Amino acid sequence: GDQVEQSPSALSLHEGTGSALRCNFTTTMRAVQWFQQNSRGSLINLFYLASGTKENGRLKSTFNSKESYSTLHIRDAQLEDSGTYFCAAERNNNNAPRFGAGTKLSVKP
Amino acid sequence: DMKVTQMPRYLIKRMGENVLLECGQDMSHETMYWYRQDPGLGLQLIYISYDVDSNSEGDIPKGYRVSRKKREHFSLILDSAKTNQTSVYFCASRGQGFSDYTFGSGTRLLVI
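Residues numbered from 1 in each chain as written. Chains lettered and ligands numbered in written order. Predicted model: local features only at pLDDT ≥ 70, side-chain atom pairs only at ≥ 80, totals over all residues. Heavy atoms only, no water.

For the rest of this paragraph, the subject is the sheet that holds strand 3 (residues 19–25) of chain B. Residue and element names in this part refer to chain B. With antiparallel pairing, the 4 strands of this open sheet are ordered in space as 1-3-8-7. Among the strands making up the open sheet, the edge pair consists of strand 1 (4–7) and strand 7 (65–70). Pairwise comparison of adjacent strand axes, ignoring direction, gives a mean angle of 20° for this sheet. Examined bridge by bridge, strand 7 and strand 8 (residues 73–78) share 4 bridges and lie antiparallel to one another. Bridging from a neighbouring strand, S67 pairs with S75 of strand 8. (Pairing = 2+ DSSP bridges. Helix = DSSP H or I, 4+ residues; strand = E, 2+ residues; numbered from the N terminus. Axes fitted to C-alpha atoms, helices over the stretch in contact; angles between N-to-C directions.)

Between chain A and chain B, the contact holds 23 residues from the first and 23 residues from the second. It is L43, Y48 and F99 of chain A that lose the most area in chain A upon contact with chain B, and together they represent 25% of the buried surface on that side. Applying the counting rule to chain A against chain B returns 2 salt bridges. Here R94 of chain B and E90 of chain A are joined by a salt bridge, their closest N and O atoms 2.9 Å apart. If you look at where chain A meets chain B, you find 7 residue pairs in polar contact (both at pLDDT 80 or more). Looking at the side of chain A that touches chain B, the elements that each hand over two or more residues are strand 4 (31–37), strand 5 (43–49), strand 9 (83–90) and strand 10 (98–99) of chain A. With 4 residues, strand 4 of chain A is the single largest residue contributor to the side of chain A that touches chain B. In the side of chain A that touches chain B, the residues fall into 10 nonpolar, 9 polar and 4 charged. (Contact = heavy atoms within 4.5 Å. Buried area = accessible area lost by both parts, 1.4 Å probe. Salt bridge = Lys/Arg side-chain N within 4 Å of Asp/Glu carboxyl O. Polar contact = N/O pair within 3.5 Å; in protein donor to acceptor, adjacent residues only side chain to side chain. Nonpolar A, V, L, I, M, F, W, Y, C, P; charged D, E, K, R; others polar.)

So, about a nonpolar patch on the surface. A cluster of nonpolar residues, I12, L110 and I112 of chain B, forms a patch on the protein surface that exposes about 290 Å² of accessible area. In this fold, I112 of chain B is placed in the segment after strand 11 (107–111). (Patch = residues over 30% accessible without salt bridge, like charges linked within 9 Å, V, L, I, M, F, W, Y side chains within 5 Å. Areas by Shrake-Rupley, 256 points an atom, 1.4 Å probe, with all protein chains shown as cover.)

Now the structure itself:
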C-alpha cells in the first residue's frame, strides 16, 4: 500500500515568501531523502536525513521517525526554486526508497 | 566526478520490439535500482539489485527484467515492449549504510 503521502500536491509562492512541504509515512521509516526535479527532469539531491534537522541555504529539512513525518521548509523563494519536490523514504537498509507523488512548486515574480 | 550515467537519453521503439536501457555508476556502489516515472505518480520501483547477479523485484516488475553482470552496470530489459511502458526510466545507486541515493538523468522511452 501507499507508504509515503506528500502534501500539498501543488503550491504557488511569490518570490521572497516561504512555505513548508510535508511527507507523512504510513510505516516507520529509517531515513528520508528530498529531491528537486527541475524543468529538464533531473533529480537533484537536496537532503538525506536519518534523524533531526539539516539546513542548506534557504532550505531546511526535518525528519521525525517516531512521529512518521518529514518536512522541507523553503524560505525567501526564488524563481529557480520552481519544480517538483519529492520525498523518498526507506524502511531499512535492504529496502529501496519509496517516493511520494511530489509537490509541484511554482514561484512567481 | 561521481555519477550515474544512463543511456540512451531518448528512445523511440515500436510495440513488440525489445528494449535495452543501460545504467552505469563509477562509485563501486553495491545496490542499484530501476524506477519509472509517470505523470502524477512519482517514481515507482521496478527492480533492485544488491550486487552482481543478486536482483529482486520491486513494486511493478511485470514486463521487465534486469541484468547485473558487473557491479558498475545495471541493465533494464523490456522483451516485446508495450505502449503502456512509455515512461521516463530512472536508474539509481547507493553505497553502504546510511548514505544518500544518486540518480541518473533518466531515459525517456516512447513505445508506438
